[in-house]
Amino acid sequence: MGRNPRMALSALNSPARCLVCRACGQEYPLIAQHACFECFGPLEVGYDQAALNKVTREQIEAGPQNIWRYAPLLPAGQDAASRVTLDPGLTPLIRADALAAAIGMTGTLWVKDDSANPTHSFKDRVVSVALTAAKELGFTRFACASTGNLANSVAAHAARAGVPSIVFIPSDLEQGKIITTAVYGGELVAIEGSYDDVNRLCGELTETDQFEDTAFVNVNVRPYYAEGSKTLGYEVAEQLGWRLPAQVVVPMASGELLTKIDKAFEELVEIGLVPESTWKVFGAQSKGCDPIATALREDKSEITPVKPTGIAKSLNIGDPAAGPFALESVRRTGGWMDSVTDDEIREGIQLLARTTGVFAETAGGVTVAVLKKLVESGRLDPTAETVVYNTGEGLKTLDAVADRVGPTHRVKPSLRAAREAGLL
């Protein structure tokens, strides 16, 4: 739950008021703590509504060209000098007419492409917010448990800030993600086990004296980490001209990204930054690890943990902490969840690339393949404006499609050879 906190976040210029338990409502100071002492439920940041209500579109639009334009809506980072950041955000929102046509959609379809972030995934958003809070809380080393993208981002942020890092990953992670973490020079610990094993170990390490000064972004400072995901909701609304899409399709690992995008939309309506709106939230998982989607299909509120398999390793969290809250978001908004096979994931990667020029990692293939499946099943309205989230870069998971793509011709360097190959 976190060791003795040395200090709390400063309330100066921050709209954050407290940490609050998502299960029982118990409140705590803005300290390094991620679980409720009363019921063991997860904590999230509670805000001063009056402070949020003062935020204007003009104030945001005058801000920097990155996630920190939304600092008035975030728990930390109001002082630019205090930020631990690679300045992620304002990634492309791509109109995907050809993709829509390929899957039978007539409504406007957009791809929010977060592979354009500094370490090529949406994790730069959450890490920037988490480590900015961690710095203010007095931590002197940065860490995480990761399926790859988070490891990349924590190591890169630490390198930029000149702070030691130690990240923990499953030993069978894709080689591309191992290299793109190790290159930043921090400590990289490969664990012989699943992500859930890695996460459990990191939780235990936070309780030791040797790790007392270490901020694990998705453990002891998790409430602040999770808030960074809201910027994906804020940005889409701003890029659409301060309005919300009718439908979003979001990949799910822990389920937190989906819940925070939904929360961002709720906040924007409540503050008055966008008109009163309704929207539906859809979740996407791999069949190799789909405990949240399974719970929805079976009409359950509790998540039954699974042992992850399959190629979508960045989504392979078998015991998803925010799963019940993702279920609540989807049910409340009238959306749905589905899951797809490894072959469907590969097809999704290729379909997105062929129709938009966006090369997604396996999580993006999951999202596109689930979008297609939702249209075919009638669960998603093909006439309504829809945003799908691509959360990472395909160069990190080349093995997924390496045996499916390659040269279409092999010819000798002569006109005769080109003609014989049918190129002339």
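Above this text you will find the structure in question.
As the structure is a prediction and not an experimental result, all values here were calculated from the model. (Residues numbered from 1 in each chain as written. Predicted model: local features only at pLDDT ≥ 70, side-chain atom pairs only at ≥ 80, totals over all residues. Heavy atoms only, no water.)

Engineer: Explain the side chain of serine 286 here, please?
Structural biologist: If you trace the backbone, serine 286 turns up in strand β11 (residues 280-286). Judged by relative accessible area, which is 1%, serine 286 ranks as buried. Within the structure, serine 286 has its side chain in polar contact with the backbone nitrogen of glycine 288 (distance 3.0 Å). (Helix = DSSP H or I, 4+ residues; strand = E, 2+ residues; numbered from the N terminus. Buried < 20%, exposed > 50% of the residue type's maximum accessible area, 1.4 Å probe, protein only. Polar contact = N/O pair within 3.5 Å; in protein donor to acceptor, adjacent residues only side chain to side chain.)

Engineer: What's the story with the environment of proline 92 in this structure? I'm lost.
Structural biologist: Relative to the helices and strands, proline 92 resides in the loop between α2 (57-61) and β4 (93-95). Separated by 23 residues in the primary sequence, proline 92 and serine 115 have C-alpha atoms spaced 9.2 Å apart. Setting aside residues up to four positions removed in sequence, proline 92 forms contacts with Val111, Lys112, Asp113, Ala116 and Gln239. (Contact = heavy atoms within 4.5 Å.)

Engineer: Help me understand the side chain of arginine 83 in this model?
Structural biologist: Here arginine 83 shows up in the loop between α2 and β4. There is no salt bridge for the buried arginine 83, and the closest opposite charge comes from aspartate 87, which lies 5.8 Å off by N-O distance. A polar contact is formed between the side chain of arginine 83 and the backbone oxygen of glycine 77, at a distance of 2.6 Å. Setting aside residues up to four positions removed in sequence, arginine 83 forms contacts with Pro64, Trp68, Ala71, Gly77, Gln78 and Thr132. (Lys, Arg positive; Asp, Glu negative; His and termini not counted. Salt bridge = Lys/Arg side-chain N within 4 Å of Asp/Glu carboxyl O.)

Engineer: When you look at the pattern of salt bridges in this model, what are you seeing that I'm missing?
Structural biologist: Two side chains carrying opposite charge are able to pair once their charged atoms lie near each other. All told, the structure shown has 29 salt bridges when counted by the stated rule. Taking the shortest distance from any N to any O, the salt bridge between arginine 22 and glutamate 44 comes out at 3.7 Å. Of this pair, arginine 22 sits in the loop between β1 (16-21) and β2 (27-28) while glutamate 44 is found in strand β3 (residues 43-47), placing the two residues 22 residues apart along the sequence. Relative accessible area serves as the criterion here: at 18%, glutamate 44 is assigned to the buried category. In this structure, arginine 332 engages glutamate 328 in a salt bridge whose closest nitrogen and oxygen atoms are separated by 3.4 Å. In this pair, arginine 332 and glutamate 328 both sit in helix α12 (residues 323-333), four residues apart, roughly one turn of the helix. Among the residues examined, glutamate 328 registers a relative accessible area of 41% and is labelled partly exposed.

Engineer: Please explain the sheet that holds β2 as it appears in this structure.
Structural biologist: Note: strands within a sheet are paired through backbone hydrogen bonds, in either parallel or antiparallel orientation. Taken together, the three strands give an open sheet; going across it, the order is β2-β1-β3, and neighbouring strands pair in antiparallel fashion. The sheet terminates laterally at β2 and β3, the two strands that pair on one side only. Strand direction decides the pairing type here: β1 and β3, joined by five bridges, are antiparallel. Across the sheet, residue valine 20 finds its bridge partner in β3, namely glutamate 44. (Pairing = 2+ DSSP bridges.)

Engineer: Just to check I follow, could you spell out the packing of helix α13 (residues 342-356) against helix α14 (residues 362-377) for this structure?
Structural biologist: For any two helices packed against each other, the geometry comes down to the angle between their axes and how far apart the axes lie. Contact geometry for α13 and α14: axes closest at 7 Å, N-to-C directions at 90°. In terms of axis orientation, α13 runs roughly perpendicular to α14. Here Glu344, Ile345, Gly348, Ile349, Leu351 and Leu352 of α13 lie close against α14, whose contacting residues are Thr362, Gly365, Val366, Val368, Ala369, Lys372 and Lys373. Of the residues in the contact of α13 with α14, the class split is seven nonpolar, three polar and three charged. (Axes fitted to C-alpha atoms, helices over the stretch in contact; angles between N-to-C directions. Parallel < 35°, antiparallel > 145°, perpendicular 65-115°, else oblique. Nonpolar A, V, L, I, M, F, W, Y, C, P; charged D, E, K, R; others polar.)

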